[in-house]
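Summary of structural features
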Amino acid sequence: MQGFNFAPTRSACKTLRMSQRIAFIGLGIMGLPMAGHLLHAGHAVTLHTRTQSKSQSLTSRGAAWAESPAEAARDAQIIFVCVTDTPDVQDVLLGASGVIKTASAQTIIVDHSTISPAATREIADVLSNHGIHLIDAPVSGGDVGAKNATLSIMCGGDRASFDRVTPLLQKMGKTITYCGQSGNGQLTKLVNQILVVGTLMAVCEAVKFAQKSGLNIDTTLQAVGAGAAKSWQLEQLAPKMAAGDFAPGFMVDLVQKDLRLVMEFASQNNINLPATAMIQSLYTKVQQMGCGREGTQALFKAVDEAI
């Protein structure tokens, strides 16, 4: 599977210059800066989120506000969704005040949430019966990637719809990858999460080992970060662990939701993931410590207790 490198054609460049009518639903840690990039690019953006006050920084810059997903979707050509879990997406898209009530045929929905691959395919089928296209497009890169528009975006669904929204995705991400049929974007994101938590676990143990060995943490991280051990987790989160900084870029509760999706799919398909299962149990311990809304680097607290 290769990353999608978009080389703009003359028609694509024309599309990039045209303002599109966009709805963006969900303005959390990730969604707010992502919607901001689309607004900054000159598109007409209508917002909806459960807490209206979260939209103020964007409505003050010209975005419109809608009282429901259905209202947000009414005149939109492209609808972006970035909410927490599978039931949230189902409600936003298919609920009593959902997008399906007002979205026109040929509308494209881009779901940046990380949810069940099976549910994604079911939602896509329902929307398809109304002529609406769904692209599952979960993201990786944390709040830093969302703010800097450097996210990795993994997409599943109809290829023509993917091609149509790619110029918009490029306003929010650096690596845009078409992964195949509906649900494949979600499955690829789950692969990403297995890699992320496994690497983060190793970083936690490495930082604790260095501390207990009496090493200078800054010097140690500089030394190992220049070689084969280099990773995003080491660079971004190891210094925070060492400093006792557990402010969230991506919360423990959210990574646990993702790990639940991983383990559910693994169980349904007889896939053995012993390391991931162990890390999930450690994150459960972190939640029991009352740290569910802290950053994922709070895994260090469970490792710290265990050593």
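For the structure, see preceding data.
Scoring rules and cut-offs
- By convention here, each chain's residues receive numbers from 1 onward along its written sequence.
- Reporting of local features is limited, given that this is a predicted model, to residues whose pLDDT is at least 70; pairs of side-chain atoms are given and counted only at 80 or more, and all residues count toward the totals for whole chains, interfaces and linings.
- Derived side-chain values reflect all non-hydrogen atoms in the structure, with water molecules and hydrogen atoms excluded from consideration.
- Should DSSP find at least two bridges between two strands, the strands are taken to pair.
- Secondary structure elements follow DSSP: runs of H or I of four or more residues count as helices, runs of E of two or more count as strands, with numbering from the N terminus.
- Any two residues whose heavy atoms approach within 4.5 Å at even a single point are treated as in contact.
- Axis lines are fitted through C-alpha atoms, for helices just across the contact stretch, and the angle between N-to-C directions can take any value from 0 to 180 degrees.
- Seen with its strands pointing away from the viewer, a crossover is right-handed if its path from the first strand over the helix to the second goes clockwise.
- One speaks of a salt bridge when a side-chain nitrogen belonging to Lys or Arg is within 4 Å of a carboxyl oxygen belonging to Asp or Glu.
- Throughout, exposure labels follow a simple rule: accessible area from a 1.4 Å probe, protein chains only, divided by the maximum for the residue type, with under 20% read as buried, over 50% as exposed, and the rest as partly exposed.

1. Overview of the sheet that holds strand E9 (residues 173-178)
Read across the sheet, three strands follow the order E7-E8-E9 without closing on themselves; strand pairing throughout is mixed. Unpaired on one side and paired on the other, strand E7 (139-140) and E9 mark the two borders of the sheet. In terms of strand pairing, strand E8 (residues 151-155) meets E9 through five bridges, oriented parallel. In the strand pairing of E9, Cys-155 is matched with Tyr-178. Contacts between helix H8 (residues 159-169) and the sheet are confined to E8 and E9, with E9 contributing the most and set at about 175 degrees to the helix.

2. Notes on the pairing of strand E6 (residues 133-136)
In this structure, strand E5 (residues 108-111) lies alongside E6, joined through four bridges in parallel fashion. Its bridge partner being in E6, Asp-111 is matched across the sheet by Asp-136. Handedness of the crossover joining E5 and E6 through helix H6 (residues 117-128) is recorded here as right-handed.

3. Topic: the pattern of salt bridges
Summed over the entire model, instances satisfying the criterion amount to seven salt bridges. Across the pair Asp-85 and Arg-260 runs a salt bridge whose closest N-O atoms are separated by 2.5 Å. With a gap of 175 residues between them, Asp-85 in the loop between strand E4 (78-81) and helix H5 (86-94) and Arg-260 in helix H12 (residues 252-268) connect regions that are remote in the sequence. According to the relative accessible area criterion, Arg-260 is partly exposed, its value standing at 30%. A network of salt bridges, in which partner residues are shared, links Asp-85, Arg-260 and Glu-264.

Honestly, that's just the spatial picture; any functional story needs more than this.
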